[in-house]
Amino acid sequence: IHAEGHEDGARAGWLPLCVLKTLPEGQRWMRAVQQWQAMDESQCSAAPGDMVIVWVSSRTKEGWTYAESEQDSEMKPGWLPVFCLAWSDE
């Protein structure tokens, strides 16, 4: 697959499929566009430019979605405000 770097679009090249993580149905990679610091264990943190895995169907009318973000070299699940994400329905 041909891909571009998410932080630097000038970095592009071919990647073998075996290095990519296939997400289950209903989950999608999205980029954080605004900082959010988790306020308790039920939330996850994100910084601008971070790529997070979002459970698309979990989006609430109050403006939250369930996501996983990388923290201390491991994925941490929790709730994240939708305004922090470049939301995409694609």
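Let me sum up the structure you'll find in this document. Computed from a predicted structure; not experimentally measured. (Residues numbered from 1 in each chain as written. Predicted model: local features only at pLDDT ≥ 70, side-chain atom pairs only at ≥ 80, totals over all residues. Heavy atoms only, no water.)

What to know about the environment of Leu-15
Within the element layout of this structure, Leu-15 appears in the loop between strand S2 (12-14) and strand S3 (27-31). Judged by its relative accessible area of 35%, Leu-15 falls in the partly exposed class. Separated by 40 residues in the primary sequence, Leu-15 and Trp-55 have C-alpha atoms spaced 25 Å apart. Sequence-distant contacts of Leu-15, defined by excluding residues within four places in its chain, comprise Ile-1, Ala-3 and Leu-20. (Helix = DSSP H or I, 4+ residues; strand = E, 2+ residues; numbered from the N terminus. Buried < 20%, exposed > 50% of the residue type's maximum accessible area, 1.4 Å probe, protein only. Contact = heavy atoms within 4.5 Å.)

What about the sheet that holds strand S4 (residues 51-55)?
Across a sheet, strands are paired by hydrogen bonds formed along the backbone, either parallel or antiparallel in direction. Within the open sheet, the four strands sit side by side as S3-S4-S5-S6. Their pairing is antiparallel. Each end of this open sheet is capped by a strand with a single partner; those strands are S3 and strand S6 (74-81). Taken pair by pair, the neighbouring strands of this sheet meet at an average axis angle of 35°, ignoring direction. Where S3 meets S4, five bridges bridge the pair, whose relative direction is antiparallel. (Pairing = 2+ DSSP bridges. Axes fitted to C-alpha atoms, helices over the stretch in contact; angles between N-to-C directions.)

Description of the side chain of Ser-45
Structurally, the position occupied by Ser-45 is in the loop between S3 and S4. On the basis of relative accessibility, which here comes to 13%, the residue Ser-45 falls in the buried class. Engagement of the side chain of Ser-45 in a polar contact is seen with the side chain of Gln-37, the distance being 3.3 Å. Excluding residues that lie within four positions of it along the chain, Ser-45 makes contacts with Trp-36, Gln-37, Ala-38, Ser-69 and Gln-71. (Polar contact = N/O pair within 3.5 Å; in protein donor to acceptor, adjacent residues only side chain to side chain.)

Comments concerning the pairing of S4
In terms of strand pairing, S4 meets strand S5 (residues 64-71) through three bridges, oriented antiparallel. By the bridge assignment for S5, Val-54 is matched with Ala-67.

Observations concerning the environment of Ala-86
Tracing the chain through its elements places Ala-86 in the segment after S6. With relative accessibility at 38%, the residue Ala-86 sits in the partly exposed group. Sequence separation between Ala-86 and Gly-49 is 37 residues, and the spatial gap between their C-alpha atoms is 9.9 Å.

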